[in-house]
Amino acid sequence: MDKTRIKPNKSELKFLKLAYTRFYDLYEIITHDDFFETDKEIRFFYINNIVSVYSELLSYEPIQYIIELIKHKRPPMETEISSELLKFIRNILVHFPLFSCWDDVWINSDIVQWAKKDGFINKFLSKYAGHNEIKYRMWIPSKKKMIYVDINFPKEYKNNKIYLKDIVNEKQGVIFLCGLMKNILDTQLEK
C-alpha cells in the first residue's frame, strides 16, 4: 500500500480543504512581486499564518511519509534544510510570539531553555552552531526563476543573541520556506 496516497476520512477531508485553501491563498499573497514592499508587521502576520497552517497540516499522516521519503532519497543537508530548519523557524514563531517583524526576532540559550531544557530549538542550535554556511537554490515554477538562499548558522550558541535575520534573510528565507512547504503539500494533490 502506498502510504503517501491514503484517502482522507470525512473529517480529515473537511480540514484539509480548509487548510489547503488557506495555505495556497497565503502562498499567493507572500509570493506576489510586491509582498516585500508592504509593512514589515503585515508581512510578519502572513509569514506566521502560513507557517502555522503548514504546521497543522503536518499532522496528516501521508505528509509525514513524504517527509520520510525525502530524508531517504535526497542529499542529507537538503533534508535537514527542508525539515529541521523549517521546524526550527516554526518553533521560534510559535513559542516566542514576542516580536512584530522578522528582523526583530532573536533568541539565546537562556530564552530558549526558559521552560524546557531539551526542546527542538535548543537541540537544533546545539547541533548546528559553528556549522558552515549552506548555499541553496530552488526553482520557483510560477515565477520561472531560480532563487538563491544563504543559510548561516550562528558561530556559537550560548547566551548571545541569535537573530533570525542573521540565519536567513527575510525575503530569501520566506520564499525558500514557502517553496519547500508548497512542494511537500503538492505531493498530496491529485493531478
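Thresholds, definitions, all that
Within any chain, residue numbers begin from 1 and follow the written order of that chain's sequence. The model is predicted, so local features are restricted to residues of pLDDT at least 70 and side-chain atom pairs to those at 80 or more, both for listing and for counting; the totals for chains, interfaces and linings are taken over all residues. Side-chain measures here rest on the full set of heavy atoms in the structure, leaving out hydrogens and waters. Only DSSP runs of H or I reaching four residues or more are called helices, and only runs of E reaching two or more are called strands; each is numbered from the N terminus. Two things to know: the radius of gyration comes from C-alpha atoms, and the globule rule equals 2.2 Å times the number of residues to the power 0.38. Here the term buried applies to any residue with accessible area under 20% of the maximum for its type, exposed to any over 50%, and partly exposed to those in between, with areas from a 1.4 Å probe on protein chains only. Two residues qualify as a contact provided that any one of their heavy atoms is within 4.5 Å of a heavy atom in the partner residue. Here the open area of atoms and residues is found with the Shrake-Rupley method and a 1.4 Å probe, where only the protein chains shown may cover a residue. Charge assignment in this entry is limited to Lys and Arg as positive and Asp and Glu as negative, and neither His nor the chain termini are counted. Working definition for charges: the position is that of NZ of Lys, CZ of Arg, CG of Asp or CD of Glu. Take the buried residues of types Ala, Val, Leu, Ile, Met, Phe, Trp, Tyr and Cys, join any two whose side-chain atoms come within 4.5 Å, and each joined set is a nonpolar core. Between Lys or Arg on one side and Asp or Glu on the other, a salt bridge is scored when a side-chain nitrogen of the former is within 4 Å of a carboxyl oxygen of the latter. Lines fitted to C-alpha atoms define the axes here, with helix axes fitted over just the stretch in contact, and angles between the N-to-C directions of these axes take values from 0 to 180 degrees. Roughly parallel means an angle under 35 degrees; roughly antiparallel, over 145; roughly perpendicular, 65 to 115; everything else is oblique. Left-handed describes a crossing whose near helix is turned anticlockwise from the far helix through less than a right angle; right-handed describes the clockwise counterpart. Classification used: nonpolar for Ala, Val, Leu, Ile, Met, Phe, Trp, Tyr, Cys and Pro, charged for Asp, Glu, Lys and Arg, polar for all others including Gly. By convention, a stacked pair of Phe, Tyr or Trp rings (six-membered ring in the case of Trp) has centres within 6.5 Å and planes under 30 degrees apart, an edge-to-face pair has planes over 60 apart, and any other such pair is tilted. Two conditions define a charge sitting above a ring: the NZ of Lys or the CZ of Arg must be within 6 Å of the ring centre, and it must be within 35 degrees of the ring normal.

Side note on the overall build of the chain
Helix and strand counts for the chain come out as eight helices and four strands. Ordered by position from N to C terminus, the α and β elements of the chain give α-α-α-α-β-α-α-β-β-β-α-α. Its C-alpha atoms give the chain a radius of gyration of 17 Å, near enough to 16 Å, the size a compact globule of 191 residues would have. With the C-alpha coordinates aligned to their principal axes, the bounding extent of the chain is approximately 45 × 40 × 30 Å. With 191 residues in all, the chain has 43% of them scored as buried. Considering only contacts within the chain whose residues lie at least 6 apart along the sequence, 72% involve residues at least 24 apart. Taken as a whole, the chain presents about 11,200 Å² of accessible surface, with 53% of it coming from carbon and sulfur. Each charge sign in the chain was given a centre, from 30 positive and 26 negative side chains, and these centres are 4 Å apart.

Comments concerning the nonpolar core
Judged by nonpolar contacts, the single largest core of 58 residues is most densely connected at Phe23, Ile50, Phe88, Ile89, Trp102, Ile107 and Phe176. No other element matches helix α8 (residues 170-186), which puts nine residues into this core. Residues within four places of Phe88 in sequence aside, it is in contact with Ile107, Phe120, Ile121, Phe124, Leu125 and Ile167.

Overview of the pattern of salt bridges
Across all of its chains, the model carries six salt bridges by this definition. One salt bridge connects Lys135 with Glu133, and the closest N-O pair in it is separated by 3.4 Å. With relative accessibility at 39%, the residue Glu133 sits in the partly exposed group. The partner of Glu156 in a salt bridge is Lys158, and the shortest N-O contact between them spans 3.7 Å. Counted as one network, the salt bridges with shared partners bring together Glu133, Lys135 and Asp150.

Some points on the packing of helix α2 (residues 40-57) against α8
It is at 11 Å that the axes of α2 and α8 come closest, and there the two elements cross at 25 degrees. The angle between the axes of α2 and α8 places the two elements in the roughly parallel class. Relative to α8, α2 is oriented so that their crossing is left-handed. When α2 is examined against α8, the residues Arg43, Ile47, Ile50, Val51, Tyr54 and Leu57 are found in contact with a partner set consisting of Glu170, Val174, Cys178, Met181, Ile184 and Leu185. Residues that form the contact of α2 with α8 fall into these classes: ten nonpolar, no polar and two charged.

Here's the deal with the packing of aromatic side chains
For the structure on display, the rule yields 13 aromatic pairs. Ring plane angle 65 degrees and centroid distance 6.4 Å describe the contact between Phe99 and Trp106, whose orientation is recorded as edge-to-face. Considering the side-chain rings of Tyr128 and Phe153, the 5.1 Å spacing of their centres and the 20 degrees angle between planes classify their relative orientation as stacked. Of the two residues, Tyr128 sits in helix α6 (residues 120-128) while Phe153 sits in the loop between β3 (145-151) and β4 (162-163), which places them 25 residues apart along the sequence. Across the pair, exposure class does not vary: Tyr128 and Phe153 are buried alike. Cluster of aromatic residues (ring-pair linked, three or more members): Phe88, Phe120, Phe124, Tyr128 and Phe153. The ring of Tyr163 carries Lys165 above its face, with NZ or CZ at 5.3 Å from the centroid. Above the face of the Tyr27 ring, Lys182 is positioned so that its terminal group lies 5.6 Å from the ring centre.

These figures come from the coordinates and say nothing about function on their own.
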